[in-house]
Amino acid sequence: MNTKLYFASGNAHKRQEMAKLLPGYTIVIPADEGISFEPEETGSSFAQNSLIKAQALWQLVRAPVIADDSGICVDALGGAPGIYSARYAGREHRQGLADGTKLSQQEQNRLLLLDIEQELRLSASNEQPRSCRYVCAMTLCLAQDRFYIVQETMEGELIPHIEQARGSGGFGYDPLVLLPAYNKTVAELSAQEKNAMSHRGKAARVILALLDSLQKPTA
């Protein structure tokens with residue numbers, strides 16, 4: 001296996017992150033080579049969507065592919081928004097708006113905290129659970145029917161109010177997710193800190209070990 005890995009994403013920021021997580025490998029996204037790539041993510045789990053993307057790109061390039069699918073799962077919301085994290089549009093539209101349009105991330109953040117407040121008010125429990133986790137399913141696809149899937153998490157809890165959002169790093173819901181052991185939100189972590197403890201970083205390290213083991217000659 002050579003050191004070139006196709007990454008099933010159109011996000012240049014995520015490509016840079018993956019390049020840091022998989023040192024020694026050249027990470028290439030479809031746009032780098034003029035490849036049109038917009039697979040329909042029809043899975044019902046992070047693992048299924050990750051595999052869909054990996055296999056779809058493998059069919060186009062016939063070379064090793066990495067794909068990931070990730071999002072945030074909130075316990076008070078029964079695990080929502082989950083695989084719909086990028087499309088989340090509030091309590092009435094947890095799977096996204098019917099017309100397919102996406103809200104700004106700032107509005108998504110505001111609505112997520114409002115959704116939790118409404119859910120907790122309706123709950124009969126006196127507890128105020130704000131536990132959540134980021135989930136990442138990462139797939140290494142070496143052939144149509146030869147693949148490996150790793151799923152990892154980063155545990156945290158959501159801040160009570162949008163005014164308490166902190167940090168300018170990261171992206172998505174990172175300013176809302178507090179890591180109590182560090183008294184920092186994910187958005188306040190340095191790139192090195194985030195890679196060391198994030199869901200994507202953990203999954204990538206398993207994939208990296210797998211890649212390295214596949215490179216070793218057999219006796």
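The model shown is predicted, which means the values in this text are computed figures rather than measured ones.

Rules and cut-offs
Residues numbered from 1 in each chain as written. Predicted model: local features only at pLDDT ≥ 70, side-chain atom pairs only at ≥ 80, totals over all residues. Heavy atoms only, no water. Buried < 20%, exposed > 50% of the residue type's maximum accessible area, 1.4 Å probe, protein only. Helix = DSSP H or I, 4+ residues; strand = E, 2+ residues; numbered from the N terminus. Expected span 1.5 Å × (residues − 1). Contact = heavy atoms within 4.5 Å. Arc of directions from axis to C-beta. Polar contact = N/O pair within 3.5 Å; in protein donor to acceptor, adjacent residues only side chain to side chain. Pairing = 2+ DSSP bridges. Axes fitted to C-alpha atoms, helices over the stretch in contact; angles between N-to-C directions. Core = buried A, V, L, I, M, F, W, Y, C linked by side-chain atoms within 4.5 Å. Salt bridge = Lys/Arg side-chain N within 4 Å of Asp/Glu carboxyl O.

*Asks:* Help me understand unusual backbone geometry in this model?
*Replies:* Across the chain, the bulk of peptide bonds are trans and the bulk of non-glycine residues have phi less than zero. A cis amide bond, omega -5°, links Ala 80 with the succeeding residue Pro 81. Positioned with a positive phi, Asn 183 is a non-glycine residue whose angle comes to about 50°. Asn 183 sits in the exposed class, given a relative accessible area of 56%.

*Asks:* Would you mind showing me how to read helix α3 (residues 105–122) here?
*Replies:* Helical geometry note: an α-helix holds 3.6 residues per turn, so side chains three or four residues apart project in the same direction. If you check α3, its first and last C-alpha atoms are 26 Å apart, about what 18 residues at 1.5 Å a residue would give, namely 26 Å. Three or more residues of α3 are buried, namely Gln 108, Asn 109, Leu 111, Leu 112, Leu 113, Asp 115, Ile 116 and Leu 120. Close packing links the buried residues of α3 with β3 (65–74) and β5 (146–158).

*Asks:* Looking at this structure, I do not really get the side chain of Lys 194. What am I missing?
*Replies:* Here Lys 194 lies in helix α4 (residues 191–197). For Lys 194, the residues in contact, after removing those within four places along its chain, are Glu 17, Gly 170, Phe 171, Asp 174, Val 186 and Leu 189.

*Asks:* Looking at this model, I keep getting lost on helix α5 (residues 199–215). Mind explaining?
*Replies:* Its 17 residues place the ends of α5 25 Å apart at the C-alpha level, agreeing with the 24 Å of an ideal helix rising 1.5 Å per residue. Along α5, the residues that are buried comprise His 199, Arg 200, Gly 201, Ala 203, Ala 204, Ile 207, Leu 208 and Leu 211. Taken end-on, α5 shows its buried residues confined to a sector of 165°, consistent with a single buried face.

*Asks:* What should I look at first to understand the environment of Lys 184 in this one?
*Replies:* Here Lys 184 lies in strand β7 (residues 184–185). Placed 69 residues apart in sequence, Lys 184 and Asp 115 show a C-alpha to C-alpha distance of 23 Å. Within polar-contact distance, the side chain of Lys 184 engages the side chain of Glu 193 at 3.2 Å.

*Asks:* I keep staring at the sheet that holds β3 and nothing clicks. Help me out?
*Replies:* To summarise the sheet geometry, strands pair through backbone hydrogen bonds and adopt either a parallel or an antiparallel arrangement. Strand order in the open sheet made by the seven strands is β2-β1-β3-β4-β5-β6-β7, with mixed pairing throughout. Taken across any chain shown, the strands that pair with only one partner, and hence form the sheet edges, are β2 (26–28) and β7. One ladder, built from two bridges, connects strand β1 (residues 4–7) with β3; its direction is parallel. The partner of Phe 7 across the bridge, within β3, is Ile 66. Its contacts with the sheet place helix α2 (residues 46–61) against β1, β3, β4 (131–143) and β5, and it is angled at close to 160° to β3.

*Asks:* What am I meant to see in the nonpolar core here?
*Replies:* As a rule of thumb, nonpolar side chains are buried together in soluble globular proteins. Membership of the largest hydrophobic core comes to 24 residues, with the highest contact counts inside it found for Val 74, Leu 112, Ile 116 and Leu 158. Mapped by element, the contributors of at least two residues to this core are β3, α3, β4, β5 and β6 (177–179). It is α3 that provides the largest number of residues to this core, a total of five residues. Excluding residues that lie within four positions of it along the chain, Val 74 makes contacts with Gly 79, Ala 80, Pro 81, Leu 112, Ile 116, Ser 131, Cys 132 and Leu 158. Core analysis: the second largest hydrophobic core is formed by 19 residues, Phe 7, Leu 22, Ile 27 and Val 150 among them.

*Asks:* Help me out: how do you make sense of the pattern of salt bridges in this one?
*Replies:* Opposite charge on two side chains lets them pair, provided their charged atoms get close. For the structure on display, the rule yields 18 salt bridges. For Asp 75, the salt bridge identified is with Arg 133, shortest N-O distance 2.9 Å. One end of the pair, Asp 75, is in the loop between β3 and α3; the other, Arg 133, is in strand β4, with 58 residues separating them in the sequence. One network of salt bridges, in which partners are shared, links Lys 14, Glu 17, Asp 68 and Arg 200.

*Asks:* Looking at this structure, how should I read the side chain of Ser 9?
*Replies:* Locating Ser 9 in the fold gives a position in the loop between β1 and α1 (12–21). In this structure the side chain of Ser 9 is engaged in a polar contact, spanning 2.9 Å, whose partner is the backbone nitrogen of Asn 11.

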